[in-house]
There are 2 protein chains.
Amino acid sequence: MKLLPAAACALLSICSAVSSARADPASVRLGAEKHYEQHARELLAEFSSLLALPNHADNRAEMERNLVALEAALRKRGLAARRLEAPGAVPSLLGELPGTPGRPTLIWYAHYDGQPVGSSGWNTSPFEPMLDRGGEKVRLAEAVPTLANPDDDWRIYARSASDDKAPIIALLAALDYLKASGTPLAVNLKVFLEGEEEIGSPNLAAIVRAHADALTADLLLFADGPRHQSGRPQVVLGVRGTQGVELTLFGPVRALHSGHYGNWAPNPAARLSEVLASIRAPDGTVKIAGYYDAFDRDLAGRGVVADEKVEAKLRQELRLGARENESRSLAAAVTWPAVNIVGLKSGDTGANARNAIPVEAVASLDFRLVPDQTPAIVRGLLERHLRSLGYRIVSTRAETDAATDRERVALLDWGDAGYAGVRVRDDQPQVRGLIDLLRQLHGEQLVVTPILGGSLPLSIFTENARLGAIVVLPIVNYDNNQHAPNENVTLGSLRHGIGTFAAVLAGLQPVK
Amino acid sequence: MKLLPAAACALLSICSAVSSARADPASVRLGAEKHYEQHARELLAEFSSLLALPNHADNRAEMERNLVALEAALRKRGLAARRLEAPGAVPSLLGELPGTPGRPTLIWYAHYDGQPVGSSGWNTSPFEPMLDRGGEKVRLAEAVPTLANPDDDWRIYARSASDDKAPIIALLAALDYLKASGTPLAVNLKVFLEGEEEIGSPNLAAIVRAHADALTADLLLFADGPRHQSGRPQVVLGVRGTQGVELTLFGPVRALHSGHYGNWAPNPAARLSEVLASIRAPDGTVKIAGYYDAFDRDLAGRGVVADEKVEAKLRQELRLGARENESRSLAAAVTWPAVNIVGLKSGDTGANARNAIPVEAVASLDFRLVPDQTPAIVRGLLERHLRSLGYRIVSTRAETDAATDRERVALLDWGDAGYAGVRVRDDQPQVRGLIDLLRQLHGEQLVVTPILGGSLPLSIFTENARLGAIVVLPIVNYDNNQHAPNENVTLGSLRHGIGTFAAVLAGLQPVK
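Remember, predicted model here, so these are calculated numbers, not experimental data.

A. Summary view of the overall build of chain A. Looking only at helices and strands, chain A features 14 helices and 21 strands. The C-alpha atoms of chain A give a radius of gyration of 24 Å, which matches the 24 Å a tight globule of 512 residues would have. Its C-alpha atoms give chain A principal-axis dimensions of roughly 80 × 55 × 50 Å. Out of the 512 residues in chain A, the part that is buried amounts to 59%. For chain A, the share of sequence-separated contacts (at least 6 apart) that also reach a separation of at least 24 residues comes to 82%.

As structure tokens, then:
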């Protein structure tokens, strides 16, 4: 949380510049949405091509194809596009419209990489975008030429459909409208597209530091994340941080017959279960000593918009009878620090199950951090916890291979460094200005959420660039299956995003 | 434990019959082993062909190919071979040599199905048998034509190499020697080959009941299982029973972003960890209420041969610093009832891990039962335990799909029925006779083990056929990776089995 205080804004010459004439945000929104309806074929054809490109950050060839497509898309809208590089990093892409003195600078952020597709669960191929027209699924590319009257409830299925290529296509459409209608932008726009968000933004800090001058701005807008579970538009003033880890425990060096050796040889699957149960209570409470030390409980749940009806509907939809912790609403729950188990693997199950003691057991954990809780703190706490259970921490397979007491070894793979959470002060003028504009668009429908359950690398920007403020403005439907099989986005989300982004670009007030 | 008392043996006319002249067991053993050395090429060629046949009991086409090969192998040795069938069952195979009045009847049991090969971990293809000649691995089929001086330490790698095709090939070789040398059998031999042992012998009871007359015998010899961990020959007077189960717990109906919903939606991987930790203590103690009620603790560890040196060597080899329960030797540990976790699966791990709450979590459990503890008792206890934790037991996916509170549902798939454990009284004359014969072969090296950690369907025979006694006589190396990747058998085990089986067939004393 190293946001520039409002006073420091004076350092940025643009802050106090004179504003130019600005269009009425509500009119711009309506115009942009209408423009989308009239040009849906071209836009969805472009979206389809973009979604057909696999985009896992570990695959450089895939990412290169995405970069080339996005550079072309930005240049088509008149933006100068250049790659921001760092050693070993998938490049970020920076697009800039020619600046006009006196306008505030807005950096608009999205990421172009996607989550792994996983091993199963997809109903259609993740990189063959499908259009679901109320139950009838057709290839998006084949549907486009004859597409008419796009319905808000239709959905496009593909990896990254919502997370995070939908905001990118919506921004491009907003720019198309502003250009076509001759509506001037109220801001100097820079578009920042990251290529490693879904693997934890391991090189974002290096990239931001290396290009800090180009990334100085009055406001950085994160277009990632979903709208509120009620379907209402939301603006978000903070995020939880994140740190992933893969924990592996070990049994015998070779799998052993579970009858002859089963309750003699230490069982890594059983030990992993014990360790996980020691880390996390049934209600989700983290049992690692000290985990809540950096947490200001007074802030837990403060300012959140909990909607029991929406939550009940969501539970019904998800077929859940109960919350994990009955005393906390969804909105309140995600303001707490947490640990999730996102994967377990040991031996085999189902038709492949064998009566054998496995050689190892793996859990993929996902820590969610509140503001002021850093990845380093969490790493230290988990290691201390495991040591208190009698484990010796190692970080390489080689160390395990050398061990003569494999049952005492805990292999921790922290993967890429995580990042801290951020809470944005809502008394900053840039933040107030944006909220005011969104209220003009959405009235009381707008949900102002103090902290998002999901993680976005806001802290990397606040710690490494000179920013007036940073805010999250998500546009996609909440039920988008992001990070899961069958990721999707509704056409209504696209329309919403196009209207919202056009209104912000044309209507944002400069800081007085 | 429904063994016929020794008195009931009078019912079996053969019991009291006059014996014929019998060869000296030690001489027969030496002769048979020498015959093996001279004919190793033919024998290993036959073994190689048999091992090349995949043999998972769920695959009828695979099992048919094994049946055809085994029928031919038995007939080649002069045995009448017929299939013993039951509705829905993979047939068992019964081979009979022409009987001679006055000789005791011996049923020799092995199984011809194998464990699933699992999803990973094999260094070579499970059904392309490989010969490891002290580090140099060659295809067995290619090595056979020029094979000379087979070394006892060489190993054959393939699924079922040890479990349980090695005993079958050893018996065939023993019969070859007896025929070639003109040594008369001291028993009327019936060979029983089961095709569903590794899936829990679901139809064995039906088969045995349907053919109870043909399965009446003075002694049933199970040739399954490994020799003692010290490498010493062993005879085993009991087995633990078995019952497998697959337990699935559920989360939301679709995978959810772990940031936005992670500590709100119940996490099935976390719940499974909690449940497993509630079932099993870190020292392997089963925490399910009532689990030890049917267990006679006075019998735990009684009569076992514990060898600290052998165990220390084994731990070193397996790279384990400690036992699961430090107070119990390996030999003692497996006389206790137990539960093993043999598989875990939820979400994805490693490169496929996604930051998502999984929709379900699965554990494969393997209960090991002591004598008098039945599968029905264990099933009831686990269900009661899960109910006490607040779960509703269902047995089909359809019931889960209908649930509006998936987080409270526990899906139990008991698979095929398990079977009870057996403890054989060592004061029975048939048992004493066999042990005396083995002592002539092995002297003080022979380990008489009261109960085997592994499970064999002895109880199915004792409950459904008229048997004088039942004993386990294993021949394969203990470090055979049975039920695991890289299953193997040493050539020394084959030699040992051939000599032992020949000596038993030619030298077993009739019951006086």
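B. Geometry of the interface of chain B and chain A. Across the contact, 82 residues belong to chain B and 82 residues belong to chain A. It is strand 12 (residues 338-347) of chain B that contributes the most residues to the side of chain B that touches chain A, nine residues altogether. Partitioning the side of chain B that touches chain A into residue classes produces 36 nonpolar, 29 polar and 17 charged. Where strand 12 (residues 338-347) of chain A lies against strand 12 of chain B, five bridges are found, and the strand directions are antiparallel. Within strand 12 of chain B, the position partnered with Ser 346 of chain A by the bridge is Leu 344 of chain B.

C. Summary view of the domain arrangement of chain A. Residue and element names in this part refer to chain A. The domain boundaries assigned to chain A delineate domain 1 (6-237 + 424-507), domain 2 (241-300 + 335-413) and domain 3 (304-331). For domain 1 and domain 2, the distance between their C-alpha centres works out to 36 Å. Each partner contributes to the interface: domain 1 provides four residues, whereas domain 2 provides five residues. In the side of domain 1 that touches domain 2, the residues fall into one nonpolar, three polar and no charged.

D. Fine view of unusual backbone geometry. Although it is not a glycine, Arg 319 of chain A adopts a positive phi angle of roughly 60°. Residue classification places Arg 319 of chain A among the buried residues on the basis of 21 C-beta atoms within 10 Å. The backbone phi angle of Ser 201 of chain B is positive, close to 50°, even though this residue is not glycine. Position of Ser 201 of chain B among the secondary structure elements: in the loop between strand 7 (188-194) and helix 6 (204-210).

E. Region of the structure containing the sheet that holds strand 21 (residues 488-490) of chain A. Residues and elements named next belong to chain A. In space, the four strands of this open sheet follow the order 5-4-6-21, with antiparallel pairing throughout. Of all the strands in the sheet, just strand 5 (136-139) and strand 21 have a single pairing partner and so form its edges. Pairwise comparison of adjacent strand axes, ignoring direction, gives a mean angle of 25° for this sheet. By the bridge criterion, four bridges tie strand 4 (residues 130-133) to strand 5 in an arrangement that is antiparallel.

F. Summary view of the relation of the copies chain B and chain A. Least-squares fitting of chain B to chain A yields an RMSD of 0.1 Å, with the transformation described by 0.0 Å of translation along the axis and a rotation of 180°. The transformation relating the two chain copies, once decomposed into turn and shift, fits a two-fold axis. Both copies present the same face, since 100% of the interface residues in chain B are matched by interface residues at the equivalent positions in chain A.

G. Looking closely at the nonpolar core. Ala 174 and Val 471 of chain A together with Ala 174 and Val 471 of chain B are the most contacted members of the largest nonpolar core, which has 314 residues in total. What Ala 174 of chain B contacts, discounting residues up to four positions off in sequence, is Ala 32, Ile 498, Phe 501, Ala 502 and Leu 505 of chain B.

H. Up close: the pairing of strand 4 of chain A. Where strand 4 of chain A meets strand 6 (residues 155-157) of chain A, three bridges bridge the pair, whose relative direction is antiparallel. What sits directly across from Leu 131 of chain A, in strand 6 of chain A, is Ile 156 of chain A.

I. Geometry of the sheet that holds strand 21 (residues 488-490) of chain B. Residues and elements named next belong to chain B. The strand order 5-4-6-21 describes an open sheet built from four strands, whose pairing is antiparallel. Across the chains shown, the open sheet's two edge strands, defined by having one partner strand only, are strand 5 (136-139) and strand 21. This sheet shows a mean twist of 25° between the axes of neighbouring strands, independent of strand direction.

J. Structural detail: the confidence of the model for chain A. All names here are of chain A. In the predicted model, chain A carries a mean pLDDT of 92, and 96% of its residues have values of at least 70. Predicted confidence for residues 1-20 stays below pLDDT 50, and this span has 44 contacts to residues more than four positions away or in other chains. Our summary of model confidence lists the complex with pTM equal to 0.82 and ipTM equal to 0.82.

K. Quick look at the packing of helix 2 (residues 40-51) of chain B against helix 5 (residues 165-181) of chain B. All names here are of chain B. Two elements in contact, helix 2 and helix 5, have axes separated by 11 Å at closest approach and are oriented at 145°. For the pair helix 2 and helix 5, the crossing hand works out as right-handed. Contacts from Leu 43, Glu 46, Phe 47, Leu 50 and Leu 51 in helix 2 reach Lys 165, Ile 169 and Ala 173 in helix 5. Broken down by class, the residue content of the contact of helix 2 with helix 5 amounts to six nonpolar, no polar and two charged.

L. Representation of helix 10 (residues 375-388) of chain A in the model. Residue and element names in this part refer to chain A. Taking 1.5 Å of rise per residue, the 14 residues of helix 10 would be expected to cover 20 Å, and the 20 Å separating its terminal C-alpha atoms lies within 8% of that figure. Those residues of helix 10 that sit buried are Pro 375, Val 378, Leu 382, His 385 and Leu 386. Taken around the axis of helix 10, the buried residues stretch over an arc of 95°, which confines them to a single face. Residues of helix 10 that are exposed and angled more than 90 degrees away from the buried face: Ala 376, Gly 380, Arg 387 and Ser 388.

M. Quick look at the packing of helix 1 (residues 25-38) of chain A against helix 12 (residues 429-442) of chain A. Residue and element names in this part refer to chain A. It is the contact of helix 1 with helix 12, at a shortest axis distance of 8 Å, that shows an interaxial angle of 60°. Here helix 12 runs oblique to helix 1, going by the angle between their axes. Where helix 1 crosses over helix 12, the two elements pack in a sense that is right-handed. Here helix 1 contributes Pro 25, Ala 26 and Arg 29 to the contact with helix 12, which in turn contributes Leu 437, Gln 440 and Leu 441. For the contact of helix 1 with helix 12, the class distribution of residues is four nonpolar, one polar and one charged.

N. Spatial organisation of the environment of Leu 441 of chain A. All names here are of chain A. Along the chain, the position of Leu 441 falls in helix 12. Leu 441 gets classed as buried once you count the C-beta atoms within 10 Å, which come to 20. Sequence-distant contacts of Leu 441, defined by excluding residues within four places in its chain, comprise Pro 25, Ala 26, Arg 29, Thr 500 and Ala 503.

O. Structural view of helix 12 of chain A. All names here are of chain A. Between its first and last C-alpha, helix 12 extends 20 Å over 14 residues, near the 20 Å set by a 1.5 Å rise per residue. Residues of helix 12 that are buried include every one of Gln 430, Val 431, Gly 433, Leu 434, Leu 437, Leu 438 and Leu 441, and no others. Taken end-on, helix 12 shows its buried residues confined to a sector of 160°, consistent with a single buried face. Of the surrounding elements, those touching the buried residues of helix 12 are helix 1, strand 8 (217-222), strand 9 (234-236), strand 20 (467-472) and helix 14 (491-507). Trailing helix 12 by a residue or two, Gly 443 shows a phi angle of about 60°, which is positive.

P. Broad picture of the environment of Arg 384 of chain B. Structurally, the position occupied by Arg 384 of chain B is in helix 10 (residues 375-388). Sequence separation between Arg 384 of chain B and Ile 288 of chain B is 96 residues, and the spatial gap between their C-alpha atoms is 8.8 Å.

Q. Examining the environment of Gln 430 of chain A more closely. Residues and elements named next belong to chain A. In this fold, Gln 430 is placed in helix 12. With 28 C-beta atoms packed within 10 Å, Gln 430 lands in the buried category. Residues Gln 430 and Pro 101 lie 329 residues apart in sequence; the distance between their C-alpha atoms is 18 Å. With sequence-adjacent residues up to four places away left out, Gln 430 is seen in contact with Asp 218, Leu 219, Gly 468, Ala 469 and Val 511.

Cut-off values and rules
Residues numbered from 1 in each chain as written. Chains lettered and ligands numbered in written order. Predicted model: local features only at pLDDT ≥ 70, side-chain atom pairs only at ≥ 80, totals over all residues. Helix = DSSP H or I, 4+ residues; strand = E, 2+ residues; numbered from the N terminus. Rg over C-alpha atoms; globule rule 2.2 N^0.38 Å. Buried ≥ 20, exposed ≤ 12 C-beta atoms within 10 Å, placed from the backbone. Contact = placed C-beta atoms within 7 Å. Nonpolar A, V, L, I, M, F, W, Y, C, P; charged D, E, K, R; others polar. Pairing = 2+ DSSP bridges. Domains from an automatic or database assignment. Axes fitted to C-alpha atoms, helices over the stretch in contact; angles between N-to-C directions. Least-squares fit on C-alpha atoms with pLDDT ≥ 70 in both. Core = buried A, V, L, I, M, F, W, Y, C linked by C-beta atoms within 7 Å. pLDDT = per-residue confidence, 0-100. Left-handed = near helix turned anticlockwise from the far one by under 90°. Expected span 1.5 Å × (residues − 1). Arc of directions from axis to C-beta. Parallel < 35°, antiparallel > 145°, perpendicular 65-115°, else oblique.

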